[in-house]
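As a plain string of letters, each chain reads:
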Amino acid sequence: MKDSFQTTAIKRNKLSAPTQILVSKNYLYQSDAILDYGCGHGSDVELLRDQGFDAVGYDRFNPKFGYSHGHEVFLSKMIEDKFGCNIVICNYVFNVIANPQERQHLIDTLRKVPAKTFVAVRSDQSSIKHTWKYDQIAGGYYTKRSFQRIYTERDVFEEFGPEIEIIKSNKSLILFVL
């Protein structure tokens, strides 16, 4: 199987749907310092910068947006607020993490970060293909090239906790404050 980054990170010429929602509903301000965690190719980072936002990106699978000291060191520095960000965006990251313990570790880490954290997950049940193989332990599907966990609102509350605040929930995404 190819590296999941190669098959799941999307190059965009407009903001991703969750980031568009955050901007249009004024959850993000140009005075904010924004970290896009799991930024993929960095399209949202570049497009936010183009709109005057102070945005940086991190993606452990993209050397352009990686961290030279490693992923766990990056996570600990996020908790210590070494990057000075008051907003963290985590779009569609949890959908591609097959290991439930790794998902939980990231949730626990994001809860410790002294920044407001927005998370978006895929909820498009109609995208599931008959060729995808369901994995009961991972709670998602292995495609030919990647892993995909498709969430329902119930899944979101069970995995992230009842204290989350849902901003938007529709047939394609669930966006919430962690």
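Worth saying up front: this structure is predicted, and the values here are computed from it rather than measured.

1. What to know about the sheet that holds strand E6 (residues 140-142)
Spatial strand order, E5-E6-E7: three strands in an open sheet with antiparallel pairing. In this open sheet, the two edge strands, each paired with only one partner strand, are strand E5 (133-135) and strand E7 (147-148).

2. Describing the environment of Tyr 142
For Tyr 142, the location among the structural elements is in strand E6. Residue Tyr 142 is classed as partly exposed on the basis of its relative accessible area of 29%. For the pair Tyr 142 and Ala 98, spaced 44 residues apart in sequence, the C-alpha to C-alpha distance is 8.7 Å.

3. Topic: the packing of aromatic side chains
The final tally for this structure, using the stated rule, is 11 aromatic pairs. Here Phe 94 and Phe 160 contribute two aromatic rings whose centre-to-centre distance is 4.9 Å and whose plane-to-plane angle is 85 degrees, an arrangement assigned as edge-to-face. Taken as a pair, Phe 94 in the loop between strand E3 (87-91) and helix H5 (100-112) and Phe 160 in helix H6 (residues 153-160) lie far apart in primary sequence, 66 residues in all. Phe 160 shares its class with Phe 94; the two are buried. Aromatic rings pair up to connect Tyr 37, Tyr 58, Phe 74 and Phe 83 into one cluster.

4. Focus on the pairing of strand E2 (residues 54-58)
Inspection of the sheet shows strand E1 (residues 33-37) paired to E2 by five bridges, in the parallel sense. Within the sheet, the bridge partner assigned to Leu 35 lies in E2 and is Val 56. Traced from E1 through helix H3 (residues 43-50) to E2, the parallel crossover comes out right-handed.

5. Topic: the state of the cysteines
Taken as a whole, this structure holds zero disulfides when the rule is applied. Here Cys 39 is not disulfide-linked; the sulfur of Cys 90 is the nearest cysteine sulfur, at 11 Å. Residue classification places Cys 39 among the buried residues on the basis of a relative accessible area of 9%. The class for Cys 90 is buried, based on a relative accessible area of 0%.

6. Focus: the pattern of salt bridges
By the definition in use, this model includes six salt bridges. Between Arg 49 and Glu 46 there is a salt bridge, with the nearest N and O atoms lying 3.2 Å from each other. On the criterion of helical spacing, the pair formed by Arg 49 and Glu 46 is a turn pair, its members being three residues apart in helix H3. Assessed through its relative accessible area of 39%, Arg 49 is described here as partly exposed.

7. Description of the sheet that holds E2
Across the sheet, six strands lie side by side as E2-E1-E3-E4-E9-E8; this open sheet has mixed pairing. Since the sheet does not close on itself, it has two edges, and those belong to E2 and strand E8 (165-169), each with one partner. Adjacent strand axes in the sheet meet at a mean angle of 20 degrees when their direction is disregarded. Lying on the sheet, helix H2 (residues 17-24) is in contact with E3, strand E4 (116-122), E8 and strand E9 (173-177); it crosses E9 at an angle near 45 degrees. Contacting E1, E2 and E3, H3 crosses the sheet at an angle of about 170 degrees to E2.

Rules used in this analysis
Residues numbered from 1 in each chain as written. Predicted model: local features only at pLDDT ≥ 70, side-chain atom pairs only at ≥ 80, totals over all residues. Heavy atoms only, no water. Pairing = 2+ DSSP bridges. Helix = DSSP H or I, 4+ residues; strand = E, 2+ residues; numbered from the N terminus. Buried < 20%, exposed > 50% of the residue type's maximum accessible area, 1.4 Å probe, protein only. Phe/Tyr/Trp six-rings, centres within 6.5 Å; stacked < 30°, edge-to-face > 60°. Right-handed = clockwise from strand over helix to strand, strands pointing away. Disulfide = S-S within 2.5 Å. Salt bridge = Lys/Arg side-chain N within 4 Å of Asp/Glu carboxyl O. Axes fitted to C-alpha atoms, helices over the stretch in contact; angles between N-to-C directions. Contact = heavy atoms within 4.5 Å.

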